[in-house]
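Structure assessment
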Amino acid sequence: MDHKVKIISLTSTKHSGETYALIQLWHRRSILVSFLLTLAVLTATYYIEGTHQQYVRYMEKKFFWCAYWVGLGILSSVGLGTGLHTFLLYLGPHIASVTLAAYECNSVNFPEPPYPDQIICPDEEATEGSISLWAIISKVRLEACMWGAGTAIGELPPYFMARAARLSGAEPDDEEYQEFEEMLEHAQTAQDFASRAKLAVQNLVQKVGFFGILACASIPNPLFDLAGITCGHFLVPFWTFFGATLIGKAVIKMHIQKLFVIITFSKHIVEQMVSLIGAIPSIGPSLQKPFQEYLEAQRIKLHHKPDSGVPQGENWLSWMFEKLVIVMVCYFILSIINSMAQSYAKRLQQKMYSEEKTK
């Protein structure tokens, strides 16, 4: 009899939940209808032939280009314990290539296509020294901001995990969250520099709020995961956390990183670096030669037309960088698999321990 009562109770609860969901959907029917109409109009615009298709193709290309950099940004800040360093592997080299090309071509009006897949100098002649720092910043702003937005999105999992744990009272299977709880318990007795730095980040975020999160997000900060866990644990509103993180990472921090790369790869700095390499005793000239060959090959490529049929050689530096990218991506995938395996093994051990305890 009790079993039947439980079944009836569960069935009635399920039906009441479905009814509540339908009522909520009915109250928001205007939003639903607007979304469906917008989706239908966009679908029709995409598939119907006409003069508007050139704009559709342009928007499609921009959308996938932005999605590519947002995805790389997410991979950089999320990864189950290890992130793929996509700034060093993708965005940094892209900004450096644009900077070197801008100084060589004295322009950033690269022909599209082949840009951004390949950079070629425009046909129009430009005066020497006419390129400005602001022009290069503007050329790579979209890619940099999208990458920064991706890193902000990648910081959300620690926030949601800590928030859900605080609201439910459950213990999540996450080492960083467990370290955070241990840090709170031993806050008064922390002596080493790493623990004090983590406590400083936690206090800044907890006491200052929006501007504390903004300050932590605006500088290269390996402890920012702790800021997300802190905000989730202390139930900081979502838009306070995400808004400050987005502004800090996609606007402030990205402009700092862009300026650093652009200044580092400006023409006179690169020439000075190559000459300094040549000044190293004994091995200097042999080290300097591949860098000079690489820069010369890049200059030839910038003035090379795709349909001219001139063969393009590959420098060993570019070959090494490509292999480094492959190794880093493989390491990233293996680290995710390893982290998932460790988490699964830990859950199995906890399950076996609980079963033995109940016997």
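Residues numbered from 1 in each chain as written. Predicted model: local features only at pLDDT ≥ 70, side-chain atom pairs only at ≥ 80, totals over all residues. Heavy atoms only, no water.

1. Considerations on the nonpolar core
Buried together is how nonpolar side chains tend to be arranged in soluble globular proteins. Counting 26 residues, the largest nonpolar core has Leu 91, Val 98, Phe 110, Ile 119, Ile 136 and Trp 147 as the members making the most contacts within it. Going through the elements one at a time, helix H3 (53–77), helix H4 (86–105), helix H5 (133–139), helix H6 (141–154) and helix H12 (238–264) are the ones with two or more residues in this core. For this core, the leading source of residues is H4, giving 8 residues. When residues no more than four places from it in sequence are discounted, the contact partners of Leu 91 are Trp 69, Thr 86, Glu 143, Ala 144, Trp 147 and Met 254. (Core = buried A, V, L, I, M, F, W, Y, C linked by side-chain atoms within 4.5 Å. Buried < 20%, exposed > 50% of the residue type's maximum accessible area, 1.4 Å probe, protein only. Helix = DSSP H or I, 4+ residues; strand = E, 2+ residues; numbered from the N terminus. Contact = heavy atoms within 4.5 Å.)

2. Topic: the environment of Leu 75
With respect to the helices, strands and loops of the structure, Leu 75 is situated in helix H3. Relative accessible area serves as the criterion here: at 31%, Leu 75 is assigned to the partly exposed category. Spatially, the C-alpha atom of Leu 75 lies 9.8 Å from that of Trp 147, the residues being 72 residues apart in sequence.

3. Comments concerning the pattern of salt bridges
Once the charged atoms of two side chains with opposite charge are near each other, the side chains can pair. If you walk through the whole model with that rule in mind, you get 2 salt bridges. One salt bridge connects Arg 57 with Glu 60, and the closest N-O pair in it is separated by 3.6 Å. With a gap of 3 residues between them, Arg 57 and Glu 60 both fall in helix H3, about one helical turn apart. Overall, Arg 57 belongs to the partly exposed group, its relative accessible area being 41%. The salt bridge involving Lys 249 is made with Glu 155; its shortest N-O contact spans 3.8 Å. Residue Lys 249 is located in helix H12, and its partner Glu 155 is located in the loop between H6 and helix H7 (156–168); the two are separated by 94 residues in the primary sequence. Exposure class is identical for Lys 249 and Glu 155. Each is buried. (Salt bridge = Lys/Arg side-chain N within 4 Å of Asp/Glu carboxyl O.)

Nothing here speaks to function; it is geometry throughout.
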